[in-house]
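Chain residues, written in single-letter form:
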Amino acid sequence: MRMTTTGMDWRFCGQGLLLGGKERRSNRVVMSHMRGGFHAGVMAGSDREDAYEEVEEEEVVLPETCPGCGVKIQIEDPDAPGYCRVPKRIMDILTGQVEQEEEGIAMDDSDDFEEEIEGDEILLEGDDEAWMKDAKNNPDFVRVTLEDGDLGSDDVEEFNDMIDSLNMMEMNVPQQKGSKQKGREPRPIVFEDDNDADDIFADLVCERCYSLKHYGKIKSSEAEVSLPEFDLAESVGRVIRSRQFRRAVVLIVVDLADFDGSLPRLAIRSLLQSNDTENLSNATPSDFKLVIAANKSDLIPREATSTRLEKWVRRRIADGGLPRPSSVHIVSSHTNSGVKSLLIDLQKSVGSKGDVWVVGAQNAGKSSLINAMRKGAGLKPSNVTEAPIPGTTLDIVPIRGIVPKGCEMLDTPGVRHEYQLTARLSAEEVRMLLPKRSLKPKTYRIGEGQTIHLGGIGRIDVCSVPGATLYVTIWASDEVRCHLGKTVNADSLLATHLGKDLVPPVIRSEDDVSRVESMPALTPTDVEVNGDEWKSSSVDVCIAGLGWAGIGVRGKSQLKVWAPPGVAITTRAAIIPDMAKEFCKPGFDAASRPKVVKKGKRKRKK
């Protein structure tokens, strides 16, 4: 491939190159500083094309893998995974790098951390502003003033690192008994600086990650077909078992809004070496620690406290026959709630020689949580791609600066669950199912022979009740349109309003019509609910990837739950027993309808 800009001529190398007579990887290019600019060319043995009068020659190594998804970077086939183009910004930096270095100008594009010297004090800006506020209010913090000429410009950064380390040690010293000084909130430790500012390729990602990050869509549909498959048991489980003298900390990230659909039970079993595949509660090795991070707590109403949610998560883990976790954290990568305590726990659990493996289902929020932990440690966000589309991470991606030196944190691709509803919908429809704000309950008082439609992808029929009615509270994204009506009219209602009033799925074009018509019909599952309370929900009926319905009933009731074939339908103890303050009326839910503003003057009240 050849790209030409003003004063620059680039030619990238292909597979199996020989640069300077030695075999090199395909992501290496040779930069030649010559008259008129730089030239990146290919040299195979003694054959050289486009001969130029060379002044200085330098080899530039592109990243071997994409820091956003972990796939191998290649610069040959635009329709293949990992295709990457060097941005013009990096070309401009390479063009002026030699001239600036000759003038003694240091190149640093970092905006999050700046240093200035005003008067006789060193002032910190950006992420360290909070540290300065603590330092002014805390006499134990180190505050140093310098005289003119004490330190050169090259020593300022090293000096500041030393002061920050002293302050960090002071923050983490436990308070002695009887001390009058109030205990300080522990802070996570930064073990390594952020990505090297001198590495101009640190932010270079493949075109797929760039398109997902900036436009929220796939760049090339042809490349999606040939994406590499990732075997978690083979790639991660085998590595964990082979590293016998390293501690393995597995961080399981689950989505609280879709707990049963996002809990990777099979993945946890595949990572453990045990002959008892039915019950792994006592099969955890001594050097293996399981940490649960229940993400997206900001979507759960405030009535569900963190203590209440933690007990509920531990009970669900035990009911699934999974190993007892060493710790459970209720976190939110959106509001950063609970992120610092999770980070401190991971730093203590991994020890001085170990690995942290981040595992979770697709769309559970692994990448968002990793960036939130880096932010909590005072680092810049990583290049791990965040997007509301399943399968953003394709291979193992190392994460820097969070765990101690000698340890590793590794992000793994999201586990694909075929029983999740999101695996059967388009990207736009997946976004509709992912809640963007705190869940709002929709409570229906429903009797025998009535049906609730959950868009066009879910349906709940009430077959029998111990009394006249029961209460059904729907917890799902507010973009899922609901309807309450009679069961005898359910099929005709779905055929008439599918993709229009009952969304998702969405019909916007002729292609959508053919796609929706080709979708398999919903299949029923008989569910028996045994509740003990009318005024609150005691049992949840979950549709993986969609949400759940809290059932308020005293006694046994027969339900028929409809979903696409293969989608998991489970029951559990209610996570939120509360109902809505106002009940929904028959017909389409009013919350999804646009508000109609009546024009005209108001009549004056007497």
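Treat the numbers as computed from the prediction; the structure is a model and nothing was measured. (Residues numbered from 1 in each chain as written. Predicted model: local features only at pLDDT ≥ 70, side-chain atom pairs only at ≥ 80, totals over all residues. Heavy atoms only, no water.)

Side note on the pattern of salt bridges
A side chain of one charge can pair with a side chain of the opposite charge when the charged atoms of the two come close.
Here is step 1: Taken as a whole and assessed by the stated rule, the structure comprises 22 salt bridges.
Here is step 2: Among the salt bridges present, the one from Glu 429 reaches Arg 515, with a minimum N-O distance of 2.7 Å. Of this pair, Glu 429 sits in helix H12 (residues 427-433) while Arg 515 sits in helix H14 (residues 510-518); the two residues are 86 residues apart in sequence, bridging distant segments of the chain.
Here is step 3: The class for Arg 515 is partly exposed, based on a relative accessible area of 26%.
Here is step 4: If you follow the salt bridges from partner to partner, you end up with Asp 260, Arg 265, Arg 316, Asp 319, Asp 540 and Arg 572 in one network. (Salt bridge = Lys/Arg side-chain N within 4 Å of Asp/Glu carboxyl O. Helix = DSSP H or I, 4+ residues; strand = E, 2+ residues; numbered from the N terminus. Buried < 20%, exposed > 50% of the residue type's maximum accessible area, 1.4 Å probe, protein only.)

Side note on the sheet that holds strand E12 (residues 247-255)
Here is step 1: Read across the sheet, six strands follow the order E14-E13-E12-E15-E17-E16 without closing on themselves; strand pairing throughout is mixed. Looking at the sheet topology across the chains shown, the edges are occupied by strand E14 (327-330) and strand E16 (397-399). Strand-to-strand twist in this sheet, taken as the mean axis angle between neighbours without regard to direction, amounts to 25 degrees.
Here is step 2: Where strand E13 (residues 288-295) and E14 come together, four bridges link them in parallel fashion. By the bridge assignment for E14, Val 291 is matched with Ser 327.
Here is step 3: In the packing of helix H6 (residues 232-242) onto the sheet, contacts are made with E12 and strand E15 (354-360), and the angle to E15 comes to roughly 155 degrees.
Here is step 4: Sheet contacts for helix H10 (residues 339-350): E12, E13, E14, E15 and strand E17 (408-411); angle to E12, the most-contacted strand, approximately 155 degrees. (Pairing = 2+ DSSP bridges. Axes fitted to C-alpha atoms, helices over the stretch in contact; angles between N-to-C directions. Contact = heavy atoms within 4.5 Å.)

Side note on unusual backbone geometry
Here is step 1: The linkage connecting Val 503 with the following residue, Pro 504, adopts the cis geometry, with an omega of -10 degrees.
Here is step 2: Checked against the element boundaries, Pro 504 lands in the loop between helix H13 (490-497) and H14.
Here is step 3: Residue Pro 504 is joined to Pro 505 through a cis peptide bond whose omega torsion reads 5 degrees.
Here is step 4: By the element assignment, Pro 505 lies in the loop between H13 and H14.

Comments concerning empty space enclosed by the protein
Here is step 1: Following the criterion strictly, the structure yields six cavities of 30 Å³ or more and no others.
Here is step 2: If you add up the space inside the second largest cavity, you get close to 160 Å³.
Here is step 3: Every residue lining the second largest cavity is counted, 20 residues in all, and those nearest its centre are Asp 255, Asp 258, Leu 433, Leu 434 and Gly 545.
Here is step 4: Broken down by secondary-structure element, the contributors of at least two residues to the lining of the second largest cavity are strand E21 (469-476) and strand E25 (547-563).
Here is step 5: Residue composition of the lining of the second largest cavity, by class: 10 nonpolar, eight polar and two charged. (1 Å grid on protein atoms, 1.4 Å probe; cavity = no way out; pocket = protein on both sides within 12 Å on 5 of 7 lines; lining within 4 Å. Points joined across faces, edges and corners; volume = space filled by probe spheres on them. Nonpolar A, V, L, I, M, F, W, Y, C, P; charged D, E, K, R; others polar.)

A look at the environment of Leu 290
Here is step 1: For Leu 290, the position within the fold is in strand E13.
Here is step 2: By relative accessible area, which is 3% here, Leu 290 ends up buried.
Here is step 3: Separated by 37 residues in sequence, Leu 290 and Ser 327 have C-alpha atoms that sit 7.3 Å apart.
Here is step 4: Those residues in contact with Leu 290 that sit more than four places away from it in its chain are Val 250, Ile 252, Pro 323, Pro 325, Ser 326 and Ser 327.

A word on H10
Here is step 1: The first and last C-alpha atoms of H10 sit 17 Å apart over 12 residues, in line with the 16 Å expected at 1.5 Å per residue.
Here is step 2: Where H10 is buried, its residues touch E12, E13, E14, E15, helix H11 (366-376) and E17.
Here is step 3: Taken from the residues just after H10, Gly 351 is the one with a positive phi, measuring 70 degrees. (Expected span 1.5 Å × (residues − 1).)

Describing the pairing of E25
Here is step 1: Burial of E25 is extensive: 12 of the 17 residues sit out of reach of the surface.
Here is step 2: Note: strand E20 (residues 458-464) against E25, five bridges, orientation antiparallel. Of the residues in E25, the one forming a bridge with Val 462 is Leu 559.
Here is step 3: The pairing of strand E23 (residues 523-533) with E25 spans 11 bridges and is antiparallel. Within the sheet, the bridge partner assigned to Val 529 lies in E25 and is Ser 557.

Quick notes on the packing of aromatic side chains
Here is step 1: Summed over all chains, the structure comprises three aromatic pairs.
Here is step 2: Between Phe 259 and Trp 312, the ring centres sit 5.1 Å apart and the planes meet at 70 degrees, which makes this aromatic pair edge-to-face. Remark: Trp 312 occurs in helix H9 (residues 306-319) and Phe 259 occurs in helix H7 (residues 259-262); sequence separation between them is 53 residues.
Here is step 3: Arranged with centres 5.5 Å apart and planes meeting at 55 degrees, the rings of Tyr 471 and Phe 583 form a pair that is tilted. Taken as a pair, Tyr 471 in strand E21 and Phe 583 in the loop between strand E26 (569-573) and strand E27 (587-588) lie far apart in primary sequence, 112 residues in all.
Here is step 4: One Lys or Arg, Arg 572, reaches over the ring of Trp 548 and ends 5.1 Å from the middle of that ring. (Phe/Tyr/Trp six-rings, centres within 6.5 Å; stacked < 30°, edge-to-face > 60°. Lys NZ or Arg CZ within 6 Å of the ring centre and 35° of its normal.)

Overview of the nonpolar core
Here is step 1: Ranked by internal contacts, the top residues of the largest apolar core, which has 40 residues, are Val 313 and Val 359.
Here is step 2: When contributions to this core are tallied by element, the ones reaching two or more residues are H6, E12, helix H8 (265-271), E13, H9, E14 and E15.
Here is step 3: Excluding its chain neighbours within four sequence positions, the residues that come into contact with Val 359 are Leu 232, Val 250, Leu 251, Ile 252, Val 253, Ala 267, Leu 271, Lys 366, Thr 412 and Val 415.
Here is step 4: The next biggest cluster of nonpolar side chains, apart from the first, holds 35 residues, and it includes Ile 452, Val 480, Leu 484 and Val 553. (Core = buried A, V, L, I, M, F, W, Y, C linked by side-chain atoms within 4.5 Å.)

Considering the confidence of the model for the chain
Here is step 1: When the pLDDT values of the chain are averaged, the result is 75; 66% of them are 70 or greater.
Here is step 2: A low-confidence stretch, residues 139-148 stays under pLDDT 50, and its non-local contacts, those more than four residues away or across chains, total 24 contacts.
Here is step 3: Ignoring residues within four places in sequence, the model shows residues 174-182, a span with pLDDT below 50, making five contacts including any to other chains. (pLDDT = per-residue confidence, 0-100.)

Description of the layout of surface pockets
A probe matching the size of a water molecule, rolled over the atoms, marks out where space remains unfilled.
Here is step 1: Of the volumes computed, that of the second largest pocket is approximately 880 Å³.
Here is step 2: Lining the second largest pocket are 36 residues, and of these Gln 362, Gly 414, Val 415, Arg 416 and His 417 lie nearest its centre.
Here is step 3: Of all the elements in the fold, those that place two or more residues in the lining of the second largest pocket are helix H5 (221-225), H6, H8 and H12.
Here is step 4: Of the residues in the lining of the second largest pocket, the class split is 21 nonpolar, eight polar and seven charged.

Remarks on the pairing of E13
Here is step 1: Among the eight residues that make up E13, seven are buried, leaving the element largely enclosed by the rest of the structure.
Here is step 2: Strand direction decides the pairing type here: E12 and E13, joined by eight bridges, are parallel. Each bridged residue has a counterpart across the sheet, and for Leu 251 the counterpart in E13 is Val 291.
Here is step 3: Considered for its hand, the β-α-β crossover made up of E13, H9 and E14 is right-handed. (Right-handed = clockwise from strand over helix to strand, strands pointing away.)

Comments concerning the state of the cysteines
Here is step 1: Applying the stated rule across the entire model yields zero disulfides.
Here is step 2: Counting only cysteine sulfurs, Cys 209 is the nearest neighbor of Cys 66, a cysteine outside any disulfide, at a range of 3.7 Å.
Here is step 3: Note on Cys 66: relative accessible area 1%, which makes it buried. (Disulfide = S-S within 2.5 Å.)

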